[in-house]
Amino acid sequence: MPLIDWNESFSVNIEEIDEQHKRWIAMINDLHDSLLKDHTNDINHTAVKTMESMKEYVRDHFIYEEDYMRVINYPDFVGHQNIHCKFYEQISKYYDDLKANKILLNTDIMKTLINWLKNHIIDEDSKYSIFAQEGDSSSHISQFEAIRIRGG
Ligand SMILES: [Fe+2]
């Protein structure tokens, strides 16, 4: 049974970002699965690999969201970016410490990851979503997609 399920309350009404959040949730569930495995299966080896993938995925996801916020001229872009930076530092530290065997994957780490993601989507991502919807979001989104296709 998954530890956390995506539900409509997490939707930011931007399909690509919703898909990215769903993928991230799946990675948290994968990490949790590795915690439930028999200890003889070298949990930490699996946890390190999953945490590394999550770290890379989170970085790309944050860049995507930040590009989007720039395009819509989101007024609290800097504040939101700072929140991303702090969390990226935290997830990097988990990865480094797991890799160095300084820590083992545990339920506190899982709770931190889940709570951060849930609260961030509901409290912070929802703000740029509302801002985009208040403006002309359809033109913003097509502008955003055009920029990404151009690779700009
Ligand atoms: Fe965000």
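Quick note: structure is the one above.
The structure contained in this document is the topic of the report that follows. (Residues numbered from 1 in each chain as written. Predicted model: local features only at pLDDT ≥ 70, side-chain atom pairs only at ≥ 80, totals over all residues.)

**Describing the overall build of the chain**
Summing up its helical and strand segments, the chain has five helices and zero strands in all. When the helices and strands of the chain are placed in sequence order, the string is α-α-α-α-α. The burial tally for the chain puts 20% of its 152 residues in the buried class. Of the contacts made within the chain by residues no fewer than 6 positions apart, 73% connect residues no fewer than 24 positions apart. (Helix = DSSP H or I, 4+ residues; strand = E, 2+ residues; numbered from the N terminus. Buried ≥ 20, exposed ≤ 12 C-beta atoms within 10 Å, placed from the backbone. Contact = placed C-beta atoms within 7 Å.)

**As for the environment of lysine 127**
Counting through the fold element by element, lysine 127 comes out in helix α4 (residues 107-134). Here the alpha-carbon distance between lysine 127 and histidine 80, two residues 47 residues apart in the chain, equals 9.8 Å.

**So, the packing of helix α1 (residues 15-36) against α4**
For the pair α1 and α4, interaxial distance at closest approach is 10 Å and the crossing angle is 165 degrees. Here α1 lies roughly antiparallel to α4, going by the angle between them. The element α1 and its partner α4 pack so that their crossing is left-handed. Across the interface between the two elements, His21, Trp24, Ile28, Leu31, His32 and Leu35 of α1 pack against Met110, Leu113, Ile114, Leu117 and Ile121 of α4. Its residues assigned to classes, the contact of α1 with α4 shows nine nonpolar, two polar and no charged. (Axes fitted to C-alpha atoms, helices over the stretch in contact; angles between N-to-C directions. Parallel < 35°, antiparallel > 145°, perpendicular 65-115°, else oblique. Left-handed = near helix turned anticlockwise from the far one by under 90°. Nonpolar A, V, L, I, M, F, W, Y, C, P; charged D, E, K, R; others polar.)

**Some details on α4**
Taking 1.5 Å of rise per residue, 28 residues should cover 40 Å, and α4 covers 39 Å from first to last C-alpha, within 8% of that figure. Where α4 bends most, the angle comes to about 40 degrees, and this point is isoleucine 121. For α4, every residue scored as buried is listed here: Ile109, Leu113, Ile121, Asp125, Tyr128, Ser129 and Ala132. (Expected span 1.5 Å × (residues − 1). Bend = angle between axes of the 7 residues up to and from the residue.)

**A word on unusual backbone geometry**
Here asparagine 73, not a glycine, exhibits a phi torsion of approximately 55 degrees, which is positive. Residue asparagine 101 is not a glycine yet carries a positive backbone phi of 60 degrees. When you line up the elements, asparagine 101 lands in the loop between α3 (77-99) and α4.

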